[in-house]
Amino acid sequence: MAKIPSSGAGLSQRSGSCEGLVAYLEKEVQGQWFGLDREDVPAAEVVATLDRNKRNLNRDADKYYQVVLAPSQAELRHIGSDPEKLRAYTRAAMEQYAANFGKDIEGRDLVYFAKVEHERSTGPADRAVQVGDVARGQAKEGPQAHVHVIVSRTENLARYTERKKSGELDRKNPFHLSPLTNHKDTQRGVVQGGFERKQFSERVEQAFDQAFAYERPLTETFRYAHTMKHGTPEQCAALRVQAIQEQQAAQQRQAVQQVAAQPSVATEQRPPLAVPAPAQAQQPAVQPEPPRPQLPPAVEQAPAPKKDRTQGPKM
């Protein structure tokens, strides 16, 4: 979620120095400011750089603005509340901030500094405080990382001067960029361009999704939240139906993926295929020799008695 508050701590003196807002944002941790292409910028340098980047502004005119980037807990879990990714997200969001004015400028045409904070406390706008469930000022649970950005109203004067000297620009004066203007993509009149805050929130959302491959459900979009708050009953009902259909489709896809990831039962019970042995040349079968019948052992007979030829016949 991207917000551009018009009031709050440190914002009551936008026509003067940003020192008060910088001091307020030092409450959690001192230092650790970063810009377009710098890290660890001291607080004193943040104040000095922003305060001197002004030209042709009335004494009572705003000199700076605050942008608050507050990712949801689902978004923070997706990136692990990584400070490096939050800084990258901030720079991408400020590119959308510059583009949203419709003046053909980009992030380096701005002067801004930002700081990541990791704690948030309950306030009067929280529903839990309003119904009395929690006390005001109590630390909120879960991931609460968010980013505060202070951006100059005047475009980057150093870059503007350099581009004008090189002949790249023929504008007489630098742009004065107000995100709180009521002009929205104005094409006629003294003020051209403007700032569409609703479009900015949607662009920041898209920048997060593209940078971190986040698949955002409809119920987490700015469009859904804005419609539920400001839309007609018919618009709200239509969006609820769309959200339900999207959720059902997501559940079906998840079920199909789970089934596809599980191995087939038939495959698990099927025995492994036997690999046949290489065929061998068949040898002619050798018939075994039939056993020979065994004869009983021969019985030796006594020799017949010999006749005595010397004796005569018996009488």
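Residues numbered from 1 in each chain as written. Predicted model: local features only at pLDDT ≥ 70, side-chain atom pairs only at ≥ 80, totals over all residues. Heavy atoms only, no water.

Novice: Where do I start with the environment of D37 in this structure?
Specialist: Position of D37 among the secondary structure elements: in the loop between α1 (19–24) and α2 (43–52). For D37, a relative accessible area of 66% translates into the label exposed. Separated by 71 residues in the primary sequence, D37 and R108 place their C-alpha atoms 9.0 Å from one another. (Helix = DSSP H or I, 4+ residues; strand = E, 2+ residues; numbered from the N terminus. Buried < 20%, exposed > 50% of the residue type's maximum accessible area, 1.4 Å probe, protein only.)

Novice: Quick question: what am I supposed to make of the packing of aromatic side chains here?
Specialist: Each aromatic ring pair is characterised by the separation of its centres together with the angle its planes make. All told, the structure shown has eight aromatic pairs when counted by the stated rule. For the pair Y97 and F195, a centre-to-centre distance of 5.4 Å together with 55 degrees between the ring planes defines the contact as tilted. Placement of the pair is Y97 in helix α4 (residues 83–99) and F195 in the loop between α6 (157–165) and α7 (197–212), with a sequence separation of 98 residues. Given the relative accessible area of 0%, Y97 is considered buried. (Phe/Tyr/Trp six-rings, centres within 6.5 Å; stacked < 30°, edge-to-face > 60°.)

Novice: When you look at the side chain of R14 in this model, what are you seeing that I'm missing?
Specialist: The residue R14 is located in the loop between β1 (2–3) and α1 in this model. R14 has contacts with P5, S6, S7, A61, D62, K63, Y64, Y65 and L180, leaving out every residue within four places of it along the chain. (Contact = heavy atoms within 4.5 Å.)

Novice: Please clarify how unusual backbone geometry should be interpreted in this entry.
Specialist: One non-glycine residue, Q32, lies in positive phi territory at about 65 degrees. As for its placement among the helices and strands, Q32 is situated in the loop between α1 and α2. Of note, S81 is a non-glycine position whose phi angle comes to about 55 degrees, a positive value. Summarising the element assignment, S81 is placed in the loop between α3 (73–79) and α4. The class of S81 is buried, set by a relative accessible area of 19%.

Novice: In this structure, what is going on with the pairing of strand β3 (residues 112–117)? I would like to understand it.
Specialist: For a regular strand, the rule is simple: side chains alternate between the two faces of the sheet. Buried residues dominate β3, accounting for six of its six residues. Looking at chain direction, β3 and strand β4 (residues 146–152) are connected through six bridges and run antiparallel. Along β4, the bridge assignment pairs Y112 with V151. (Pairing = 2+ DSSP bridges.)

Novice: Help me understand the nonpolar core in this model?
Specialist: Side chains of a nonpolar character, in soluble globular proteins, are inclined to be buried together. By size, the foremost hydrophobic cluster in this structure holds 32 residues, and its most contacted members are V67, L69, Y97, L110 and F200. Of all the elements in the fold, those that place two or more residues in this core are β2 (64–69), α3, α4, β3, β4 and α7. Considering every element that reaches this core, the biggest residue donor is α4, with six residues. Setting aside anything within four residues of it in sequence, one finds Y97 in contact with V67, L110, V151, L177, P179, F195 and F200. (Core = buried A, V, L, I, M, F, W, Y, C linked by side-chain atoms within 4.5 Å.)

Novice: How do you make sense of the sheet that holds β1 when you look at a structure like this?
Specialist: Backbone hydrogen bonds hold the strands of a sheet together, and the pairing may be parallel or antiparallel. Strand order in the open sheet formed by four strands is β1-β2-β4-β3, and the pairing between neighbours is antiparallel. Where the open sheet ends on each side, the last strands, each with one partner, are β1 and β3. Where α4 meets the sheet, it contacts β2, β3 and β4, and its direction lies at approximately 40 degrees from that of β4. (Axes fitted to C-alpha atoms, helices over the stretch in contact; angles between N-to-C directions.)

Novice: Can you help me understand the layout of surface pockets in this one?
Specialist: Over the atoms, a rolling probe the size of a water molecule traces out where space has been left empty. Roughly 850 Å³ of volume is contained in the largest pocket. Lining the largest pocket are 29 residues, and of these M1, A2, K3, F222 and A225 lie nearest its centre. Looking at the lining of the largest pocket, the elements that each hand over two or more residues are β1, α3, α7 and α8 (222–230). A total of six residues in the lining of the largest pocket trace back to one element, the largest contributor, which is α7. Approximately 640 Å³ is the volume found for the second largest pocket. Lining the second largest pocket are 23 residues; nearest its centre among them are K3, Y24, R120, S121 and H148. Elements that contribute at least two residues to the lining of the second largest pocket include exactly α1, β2 and β4. (1 Å grid on protein atoms, 1.4 Å probe; cavity = no way out; pocket = protein on both sides within 12 Å on 5 of 7 lines; lining within 4 Å. Points joined across faces, edges and corners; volume = space filled by probe spheres on them.)

Geometric values such as these leave the question of function open.
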